[in-house]
Amino acid sequence: MQQNLFRFTGYAAAFLLPLALVWLSPIYGLIAWAVSFLAFGKWTPKIWPMLLFAGFVDWELISVYWSSNRPAGWADVVMVVPFGLMGVLANGLTAEDSQRWGRRFADAFAWATTLCWTAIFCYSLAKFGWVSYNDFALGERLGIHFQSLYLIIAALILERRIWSESAGVSWVNAVAVLWLLVGIIFLSARIHLLSVPVLMMARLFELYRRNPSWRKHIIRWGTIAIAVLGAMVLTLPGPSRRIEDLVNELRSVDGMMGGKQTNHRIFIWKYGIDIIKKAPLLGVGNGNGEDVLHEELLTCDAKFYNKKEPYYLHEFRYDFHNVWIQCWAEGGIIAFLLMAGIFLWGLTQSSGSMSYAWMALLISSTTESLLDKQAGVFLLTFMVALTALSSRERQSLR
């Protein structure tokens, strides 16, 4: 009975995560899973990870007290509680055969993500006759960036099964991985168009180095996959435009060139770093960062364009679009170091393709404030649980 409840809640958390429904939030599955950890888990504490996650939430709470916007600070604390609590529970308690069930929950998330992506792709085809870039909406909460991030992590999870199963299962997983990679291209989040080829080549090199008997297969199929996906990026209208925009933005970092302005994130990061310089030790207080950033942006005279309509950054409310700047700006250097410690834990306690999933999260954290969005917090919470459950043994091709 106890094991059945643990399994059911784990599967529920995995399936609800990519659905991202408002009326059936992923938080319900994560809460149920955490309760099953608490009720039926065996006390096997890992003290340092527990202190790390507890310290992060505690500092989020403490840094509300010098914030000028305490209501927003309390809301931020509530947002990160699932993340911190799961880190404490998953590192303090364990279930029977947790490594095997962790892999199964990961597979469930990956296949649920694949099914959700397939459904919205087909819906777009049926509605428009072709894929509409602006119409993609995985569930009801996930924007383009987070959809793409979910697809990356799902592809990495399924990739493990290509090398370790029977021929039929391996081919099914290989097709699913390629389909998810095609989805990443259609979504065209620029940071992922750049980072996914790097992650792919690093993972293929690791597989090549550790598994001599598979080297010919790895070189052949890896080369074909990268070549085909690269051709799609360069020839399809949506991705190719995004790459062209990126090139123009990089050329314009030091000022407008050819009438092209750089990405607004460059200016947001610059002003965010200025905020850090003014309060490097304690920050401006949890929840107060966006208010201070908005005040700083009032001095920005750079002009941007939405198609042909000009606008200034102070006309909108922005977050920092960077977890690291946000943590340091609001919670000072202590918040920054605690977040760095959590990512270091994830990278060192995972192995194989799961370590690349943490790399994908790390890369995404440089352009999005993951902890400001439910999609980011829920995904991080799930990844923390999977990492704590997973085996530290480095098996071949896993």
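Above this text sits the structure in question.
These notes cover the structure that comes with them. (Residues numbered from 1 in each chain as written. Predicted model: local features only at pLDDT ≥ 70, side-chain atom pairs only at ≥ 80, totals over all residues. Heavy atoms only, no water.)

1. Quick word on the overall build of the chain
Okay, so step 1: Counting its regular elements, the chain contains 15 helices and four strands.
Okay, so step 2: Its C-alpha atoms give the chain a radius of gyration of 22 Å, near enough to 21 Å, the size a compact globule of 398 residues would have.
Okay, so step 3: With the principal axes as the frame, the chain shows a C-alpha extent of 60 × 50 × 40 Å.
Okay, so step 4: Counting only contacts in the chain whose residues sit at least 6 apart along the sequence, the fraction spanning at least 24 positions is 75%.
Okay, so step 5: Element-wise, carbon and sulfur atoms account for 66% of the exposed surface of the chain, whose accessible area totals about 18,400 Å².
Okay, so step 6: Of the side chains in the chain, 34 bear a positive and 28 a negative charge, and the two mean positions are spaced by 10 Å. (Helix = DSSP H or I, 4+ residues; strand = E, 2+ residues; numbered from the N terminus. Rg over C-alpha atoms; globule rule 2.2 N^0.38 Å. Contact = heavy atoms within 4.5 Å. Areas by Shrake-Rupley, 256 points an atom, 1.4 Å probe, with all protein chains shown as cover. Lys, Arg positive; Asp, Glu negative; His and termini not counted. Charge placed at Lys NZ, Arg CZ, Asp CG, Glu CD.)

2. Quick notes on the nonpolar core
Okay, so step 1: Judged by nonpolar contacts, the single largest core of 96 residues is most densely connected at Trp33, Phe56, Phe83, Phe109, Ile153, Leu361 and Leu379.
Okay, so step 2: The contacts of Phe109, once residues within four sequence positions are left out, are Ala14, Leu17, Pro18, Tyr150, Ile153, Ala154, Ile157, Leu379 and Phe382.
Okay, so step 3: Judged by nonpolar contacts, the second largest core, of 18 residues, contains Val284, Val292, Tyr318 and Ile325. (Core = buried A, V, L, I, M, F, W, Y, C linked by side-chain atoms within 4.5 Å. Buried < 20%, exposed > 50% of the residue type's maximum accessible area, 1.4 Å probe, protein only.)

3. Description of the packing of helix 7 (residues 167–187) against helix 9 (residues 215–235)
Okay, so step 1: It is the contact of helix 7 with helix 9, at a shortest axis distance of 10 Å, that shows an interaxial angle of 25 degrees. As summarised for this structure, helix 7 and helix 9 are arranged roughly parallel, according to the angle between their axes. Where helix 7 crosses over helix 9, the handedness of that crossing is right-handed. Across the interface between the two elements, Trp171, Leu178, Leu181, Val182 and Ile185 of helix 7 pack against Trp221, Ala225, Leu229, Met232 and Val233 of helix 9.
Okay, so step 2: Along the lines of polarity and charge, the residues of the contact of helix 7 with helix 9 split into 10 nonpolar, no polar and no charged. (Axes fitted to C-alpha atoms, helices over the stretch in contact; angles between N-to-C directions. Parallel < 35°, antiparallel > 145°, perpendicular 65-115°, else oblique. Left-handed = near helix turned anticlockwise from the far one by under 90°. Nonpolar A, V, L, I, M, F, W, Y, C, P; charged D, E, K, R; others polar.)

4. Quick notes on the environment of Ala388
Okay, so step 1: Counting through the fold element by element, Ala388 comes out in helix 15 (residues 374–389).
Okay, so step 2: Between the C-alpha atom of Ala388 and that of Met86, which follows or precedes it by 302 residues, the distance is 9.6 Å.

5. Details of helix 15
Okay, so step 1: Its 16 residues place the ends of helix 15 23 Å apart at the C-alpha level, agreeing with the 22 Å of an ideal helix rising 1.5 Å per residue.
Okay, so step 2: Of all 16 residues in helix 15, 15 are buried, a share of seventy percent or more. (Expected span 1.5 Å × (residues − 1).)

6. Re the side chain of Ser355
Okay, so step 1: In this structure, Ser355 sits in helix 14 (residues 353–364).
Okay, so step 2: Within the structure, the side chain of Ser355 is placed 2.6 Å from the backbone oxygen of Gly352, a separation counted as a polar contact.
Okay, so step 3: Leaving out residues up to four positions away in the same chain, Ser355 has contacts with Leu347 and Ser350. (Polar contact = N/O pair within 3.5 Å; in protein donor to acceptor, adjacent residues only side chain to side chain.)

7. Describing the environment of Phe320
Okay, so step 1: Among the structural elements, Phe320 can be located in the loop between strand 4 (309–311) and helix 13 (323–349).
Okay, so step 2: Residues Phe320 and Gly272 lie 48 residues apart in sequence; the distance between their C-alpha atoms is 6.7 Å.
Okay, so step 3: Dropping the residues within four chain positions of it, Phe320 is found in contact with Ile268, Trp269, Gly272, Ile275, Gly289, Glu290, Leu293, Ile325, Gln326, Ala329 and Ser369.

8. Re helix 10 (residues 237–251)
Okay, so step 1: Taking 1.5 Å per residue, 15 residues should reach 21 Å; helix 10 reaches 21 Å between its end C-alpha atoms and fits that length.
Okay, so step 2: Those residues of helix 10 that sit buried are Pro239, Leu246, Asn248 and Glu249.
Okay, so step 3: Of the surrounding secondary structure, the elements contacted by the buried residues of helix 10 are helix 7, helix 8 (190–210) and helix 9.

9. Some thoughts on the pattern of salt bridges
Where charged atoms from two side chains of opposite charge approach closely, those side chains can pair.
Okay, so step 1: This model, assessed by the stated rule, comprises 10 salt bridges.
Okay, so step 2: Glu206 serves as the salt-bridge partner of Arg203, at 3.1 Å between the closest nitrogen and oxygen. Taken together, the residues Arg203 and Glu206, both in helix 8 and three residues apart, mark about one turn of the helix. For the pair Arg203 and Glu206, a shared accessibility class is recorded, and that class is buried. (Salt bridge = Lys/Arg side-chain N within 4 Å of Asp/Glu carboxyl O.)

10. Description of unusual backbone geometry
Glycine aside, the phi torsion of most residues is negative, and most peptide linkages are trans.
Okay, so step 1: Even without being glycine, Ser188 reaches a positive phi, approximately 60 degrees.
Okay, so step 2: Along the chain, Ser188 turns up in the loop between helix 7 and helix 8.
Okay, so step 3: With phi around 55 degrees, His321 is a residue other than glycine that occupies positive phi space.
Okay, so step 4: With respect to the helices, strands and loops of the structure, His321 is situated in the loop between strand 4 and helix 13.

11. Quick notes on the side chain of Glu60
Okay, so step 1: Tracing the backbone shows Glu60 in helix 3 (residues 47–62).
Okay, so step 2: Here Glu60 occupies a buried position and makes no salt bridge, while the nearest side chain of opposite charge, Lys373, is found at 14 Å.
Okay, so step 3: Every residue in contact with Glu60, bar those within four places of it in the chain, is listed here: Asp76, Val77, Val80 and Asn286.

12. Focus on the packing of aromatic side chains
Both the distance between ring centres and the angle between the ring planes are used here to describe each pair of aromatic rings.
Okay, so step 1: On inspection of all chains with the given rule, the structure shows 30 aromatic pairs.
Okay, so step 2: Considering the side-chain rings of Tyr11 and Phe105, the 5.2 Å spacing of their centres and the 90 degrees angle between planes classify their relative orientation as edge-to-face. Of the two residues, Tyr11 is situated in helix 1 (residues 2–19) and Phe105 in helix 5 (residues 98–128); the sequence distance between them amounts to 94 residues.
Okay, so step 3: Exposure remark for Phe105: the relative accessible area of 0% places this residue in the buried category.
Okay, so step 4: A ring pair is formed by Phe267 and Phe304, whose centres lie 5.4 Å apart and whose planes are at 85 degrees; its orientation type is edge-to-face. With Phe267 in helix 11 (residues 264–278) and Phe304 in strand 3 (residues 304–306), this pair connects stretches of sequence that are 37 residues apart. Accessibility classification places Phe267 together with Phe304 in one group, the buried group.
Okay, so step 5: An aromatic cluster of at least three residues, connected via ring pairs, comprises Phe6, Tyr11, Trp33, Phe37, Trp101, Phe105, Phe109, Tyr150 and Phe382. (Phe/Tyr/Trp six-rings, centres within 6.5 Å; stacked < 30°, edge-to-face > 60°.)

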